[in-house]
Amino acid sequence: MSRRRWPLLVVAAVSVGLAARAAFLYWSPLPATLDGFRYARLAAGLDGSLLASAVQSDELVWTLLLGAAADVTGVRPLYLAQPLVACIGGASVLGGLVLVRGVGRAADWPARRTFHASVLAGLGLAVSGMYLRRTGVPDEEALALLLLPLFALAAHRALASNRRAWAGLFGLLALVYPPLHNMSSLVAAFTLTAVVVVHLAQAESRREVLAPTVAVAGFWSYFFGYYTAAERVGLELTYSGLLGDHLGAFFAWLVVLAVGTVWLYTTTDRAVRTTLGVGVGIWFLAAGANLVAPVFPGTIETPPLILGLALLYVVPVALFAWGLPSVRRLGGDAPATVALLLAPVALVWFTLATSLTPEFFGTAMRVQVHAHVATFVLAAVVAVAIAADRPVAGRTLVAVLVVATLLSAPFAFVHIDTATAPRTVHASEFDAVSVAASSGGYASDHRLSRVGPLYYGGNVSGAVGPTRAWLAGGDPPDCLTLAQRSWTVEGAHFYPTPPLRLPPDRFDRWHERGNLVYSTGGTTETYLVVPPGESETC
């Protein structure tokens, strides 16, 4: 096979990934996630006001990157954030290509077969809805997902080869992770633990025991040390109760990961398929049960469209569960791929088994995305391997995987609580928020009430309580209120709690009786209204 095909594949996969993530720009030039507005404000304050802001411990790297890119391009961070993350998220598909090539070399595959699996994995990651959802919005997690496969690969190769270049790359990535993103750092720490356990299980000398032990102990020490130091110097910690209030359960699941990794390499094929298939399959059952009643009390129920899109992932999950027994026997880079799968699975189960609170609901939703690279790598490898032995069955599986992945793409662009699209903030909505923010405070739903404080800072407040009470049947807010006509159809967003709908007649009555300050038309029909009489502060 011509080597020219590999550069073409890289360009094609990155281009498709970039284009898919740039699709958010079709609706709006603004950040497609609410946190993106905060980063735009922080990046614009790199002249010195950044340190005066209440910066969180894992906002430093992304803020500096966005600010530097804005200085280089001359584009305001508010309008650069989305194109920048489209490039970073598009590049994250490269991790899948690298891992597939590593598995292909370990399996001694012909170059053509490895190439076909790489096409399937790379283009799958480019358009997979859940993965696109997290790598297509401007926050630090997109960069963390780009670096995670490289982190696992560098750790594995450093321990396997004792080469300083790989050790240096691993050390550099290890230094970056805690300041980059706390949740992804936790996934990275679990991934490193799984990699180290594999090497310890195969160690034949003291040196082969010492190096992995130092690596994992050093990273865990740095992980906890960084956040302890960050809190002491005044940086805010996100998800602070995730570990601090549940350390016993956390360490128990870390032990489960270590023991489970050893068990994975020593048990039977059937046991591996059954355990991983059932372990991840329960997530789909939970999503189905959530259609009727929330699994995490007080959070949203699963809209039917969201459930349908999620069930499409049964295809890659079934493929990786079937093929994992074969991949675990391989040497080369295969252990890094296995670790990238096991670590997020263990962490999701930590959240499910520890606390069914909204905080852990958000954690489970975001942690599972870290398993997608390994999932699509293994699914592609298995589908292509079957096609090589049984062409008809294998090609059918490849076609089913491709169709399921393509159909999952809309998952990236819909609101997870209402299943409506698009989930970005339109320019007209931002204009309305800006007018409301100029008064210092306003009431709205979860989405629009956060945009003002996130972008304009602490002098602006956005209240949700008065709006929630109004939509639950109470009186309209006694303060400046930003409301949308879509609340009468789709419902207002109060994520992670369920959305609430406002009857059209109540909306019209509020609109007619109040004093209109600002309005926008079209699909984002929005009204900024002051209540009649004396207005109060929200």
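Predicted, not measured: the structure shown is a model, and the values here were computed from it.

*Asks:* Explanation requested: the overall build of the chain in the structure shown.
*Replies:* Helix and strand counts for the chain come out as 24 helices and seven strands. In terms of overall dimensions, the chain is globule-like: its C-alpha atoms have a radius of gyration of 24 Å, near the 24 Å expected for 538 residues. Across its three principal directions, the C-alpha atoms of the chain cover 80 × 55 × 45 Å. A burial count over the chain gives 53% of its 538 residues as buried. Looking at the chain as shown, the accessible area adds up to about 21,900 Å², and 63% of this sits on carbon and sulfur atoms. Side-chain charges in the chain split into 35 positive and 32 negative, and the spacing between the mean points of these groups amounts to 16 Å.

*Asks:* Explain the nonpolar core to me, please; I cannot follow it from the model alone.
*Replies:* Considering soluble globular proteins, one finds that nonpolar side chains tend to be buried as a cluster. Counting 123 residues, the largest nonpolar core has Phe-151, Phe-190 and Trp-220 as its most contacted members. Look past the residues within four positions of Phe-190 in its chain and what remains in contact with it is Trp-220, Phe-250, Trp-253, Leu-254, Leu-257, Ala-343, Ala-346 and Leu-347. Grouped together as the second largest cluster of nonpolar side chains are 20 residues, Phe-37, Leu-78, Leu-454 and Leu-482 included.

*Asks:* Would you mind going over a nonpolar patch on the surface with me for this structure?
*Replies:* A cluster of nonpolar side chains, Leu-46, Leu-60 and Leu-64, forms an exposed patch at the surface whose accessible area comes to about 220 Å². Position of Leu-64 among the secondary structure elements: in helix α3 (residues 60-73).

*Asks:* When you look at the side chain of Ser-355 in this model, what are you seeing that I'm missing?
*Replies:* Mapped onto the elements of the fold, Ser-355 is located in the loop between α17 (334-354) and α18 (358-367). With sequence-adjacent residues up to four places away left out, Ser-355 is seen in contact with His-246, Phe-296 and Phe-360.

*Asks:* Honestly, helix α22 (residues 446-456) in this entry has me stumped. Any pointers?
*Replies:* Helical geometry note: an α-helix holds 3.6 residues per turn, so side chains three or four residues apart project in the same direction. With eight of 11 residues buried, α22 is to be regarded as a mostly interior element. Among the residues making up α22, those that are buried are His-446, Arg-447, Leu-448, Ser-449, Val-451, Gly-452, Leu-454 and Tyr-455. Of the residues flanking the end of α22, it is Gly-457, one or two places downstream, whose phi is positive at about 95 degrees.

*Asks:* Where do I start with the packing of aromatic side chains in this structure?
*Replies:* Any pair of aromatic rings gets described here by the distance separating the centres and the angle formed by the planes. This structure, assessed with the given rule, holds 30 aromatic pairs. With a centroid separation of 5.6 Å and an interplanar angle of 55 degrees, the aromatic rings of Phe-190 and Phe-250 are classed as tilted. Taken together, the residues span a long stretch of sequence, with Phe-190 in helix α10 (residues 182-201) and Phe-250 in helix α13 (residues 247-264) at a distance of 60 residues. Given the relative accessible area of 0%, Phe-250 is considered buried. In textbook terms, an aromatic cluster arises when at least three aromatic residues are bridged by ring pairs, as seen for Phe-190, Trp-220, Tyr-222, Phe-223, Phe-224, Tyr-226, Tyr-227, Phe-250, Phe-251, Phe-350 and Phe-360.

*Asks:* Before we go on, may I ask you to explain the pattern of salt bridges in this structure?
*Replies:* A pair can form between side chains of opposite charge whenever their charged atoms are brought close. According to the stated counting rule, one finds 13 salt bridges in the structure shown. Taking the shortest distance from any N to any O, the salt bridge between Arg-366 and Glu-141 comes out at 2.6 Å. Of the two residues, Arg-366 is situated in helix α18 and Glu-141 in helix α8 (residues 140-161); the sequence distance between them amounts to 225 residues. Salt-bridge contacts for Arg-447 lead to Glu-429; the nearest nitrogen and oxygen are separated by 2.6 Å. Here Glu-429 lies in helix α21 (residues 427-437) and Arg-447 lies in helix α22, a separation of 18 residues in the sequence. Assigned by exposure class, Arg-447 and Glu-429 land together as buried. Salt bridges sharing common partners tie together Arg-134, Asp-139, Glu-141 and Arg-366.

*Asks:* Would you mind showing me how to read helix α20 (residues 391-408) here?
*Replies:* With 18 residues, α20 extends 26 Å between its outermost C-alpha atoms, agreeing within 8% with the 26 Å of an ideal straight helix rising 1.5 Å per residue. Among the residues of α20, Gly-394, Leu-401, Ala-404, Thr-405 and Ser-408 are the ones counted as buried. The buried side chains of α20 occupy one side of the element, clustering within an arc of 100 degrees when seen end-on. Turned more than 90 degrees away from the buried face of α20, the exposed residues are Val-392, Arg-395 and Leu-406. Tucked into the core, α20 has its buried residues touching α6 (111-127), α7 (129-135), α15 (304-311), α16 (314-328) and α19 (372-389).

*Asks:* Explain the pairing of strand β7 (residues 526-530) to me, please; I cannot follow it from the model alone.
*Replies:* Within a regular strand, the side chains alternate between the two sheet faces. Most of β7 sits inside the fold, with four of its five residues counted as buried. Here strand β3 (residues 481-484) pairs with β7 via four bridges, running antiparallel. Within β7, the residue paired with Ala-483 across the bridge is Tyr-527.

*Asks:* Sorry, what's going on with the packing of α8 against α10 here?
*Replies:* Two measures define how a pair of helices packs: the angle their axes make with one another and the distance between the axes. Orientation of α8 relative to α10, taken along the N-to-C sense of each, is 20 degrees, at an axis distance of 10 Å. Between α8 and α10, the crossing angle belongs to the class labelled roughly parallel. Considering only the axes of α8 and α10, their crossing is right-handed. From α8, Glu-141, Ala-144, Leu-148, Phe-151, Ala-152, Ala-155, His-156, Leu-159 and Ala-160 reach across to α10, where they touch Ser-184, Val-187, Ala-188, Thr-191, Leu-192, Val-195, Val-196 and His-199. Residue composition of the contact of α8 with α10, by class: 12 nonpolar, four polar and one charged.

*Asks:* Whenever I open this one, unusual backbone geometry confuses me. Can you help?
*Replies:* Phi is mostly negative for residues that are not glycine, and the peptide bonds are mostly trans. Residue Pro-422 is bonded to the preceding Ala-421 through a cis peptide linkage, with omega at -5 degrees. Residue placement: Pro-422 occurs in the loop between α20 and α21. The omega torsion of the bond from Tyr-495 to Pro-496 falls at 10 degrees, within 30 degrees of zero and hence cis. Note that Pro-496 resides in the loop between β4 (492-494) and β5 (497-500). At Asp-108, a position not held by glycine, the phi torsion is positive, near 60 degrees. Take Asp-108: its relative accessible area is 68%, and that puts it in the exposed class.

*Asks:* I keep staring at the packing of helix α5 (residues 94-106) against α6 and nothing clicks. Help me out?
*Replies:* At their nearest, the axes of α5 and α6 sit 8 Å apart, and the two run at 155 degrees to each other. The angle between α5 and α6 places the two elements in the roughly antiparallel class. Crossing of α5 over α6 shows right-handed handedness. Touching Gly-96, Leu-97, Val-100, Arg-101 and Gly-104 of α5 are Thr-114, Ala-117, Ser-118, Ala-121, Gly-122 and Leu-125, all from α6.

Criteria and thresholds
Just so you know, the residues in each chain are numbered from 1, in the order the chain's sequence is written. Reporting of local features is limited, given that this is a predicted model, to residues whose pLDDT is at least 70; pairs of side-chain atoms are given and counted only at 80 or more, and all residues count toward the totals for whole chains, interfaces and linings. Side-chain measures were taken over the full set of non-hydrogen atoms in the model, leaving aside hydrogen atoms and water. Helix and strand assignments follow DSSP, with helices taken as H or I runs no shorter than four residues and strands as E runs no shorter than two, numbered in order from the N terminus. The atom set for the radius of gyration is the C-alpha atoms, and the globule formula is 2.2 Å times the number of residues raised to the power 0.38. Categorising residues by exposure relies on relative accessible area from a 1.4 Å probe, with only protein chains included: less than 20% of the type maximum marks a residue as buried, more than 50% marks it as exposed, and the intermediate range marks it as partly exposed. Only the protein chains shown count as cover for residues, with accessible areas throughout obtained via the Shrake-Rupley method and a probe of 1.4 Å. Note on charges: Lys and Arg go in the positive column, Asp and Glu in the negative column, and His and the chain ends are not counted at all. Charge positions are represented by NZ for Lys, CZ for Arg, CG for Asp and CD for Glu. To qualify as a nonpolar core, a set must consist of buried Ala, Val, Leu, Ile, Met, Phe, Trp, Tyr and Cys residues joined through side-chain atoms within 4.5 Å. Any pair of residues with heavy atoms lying within 4.5 Å of one another is described as a contacting pair. Residues enter patches when their relative accessible area tops 30% and they take part in no salt bridge; the joining distance is 9 Å for like charges and 5 Å for the nonpolar side chains Val, Leu, Ile, Met, Phe, Trp and Tyr. Salt bridge criterion: a side-chain nitrogen from Lys or Arg within 4 Å of a carboxyl oxygen from Asp or Glu. Planes of paired rings set the category: under 30 degrees apart is stacked, over 60 is edge-to-face and the rest tilted, where pairs are Phe, Tyr or Trp rings (Trp by its six-membered ring) whose centres lie within 6.5 Å. One less than the residue count of a helix, multiplied by 1.5 Å, gives the span that helix is expected to have. Comment: arc refers to directions from the helix axis out to C-beta atoms. Strands are treated as partners if at least two bridges between them are detected by DSSP. Every axis corresponds to a line fitted to the C-alpha atoms, with the helix fit spanning only the stretch in contact, and the corresponding angles, defined between N-to-C directions, vary from 0 to 180 degrees. Working definition: roughly parallel below 35 degrees, roughly antiparallel above 145 degrees, roughly perpendicular at 65 to 115 degrees, and oblique for all remaining angles. Helix crossings get a hand from a simple test, with the near helix turned counterclockwise from the far one by less than a right angle marking a left-handed crossing and a clockwise turn marking a right-handed one. In this count, Pro and Cys sit with the nonpolar residues alongside Ala, Val, Leu, Ile, Met, Phe, Trp and Tyr, while Asp, Glu, Lys and Arg are called charged and the others, Gly among them, polar.

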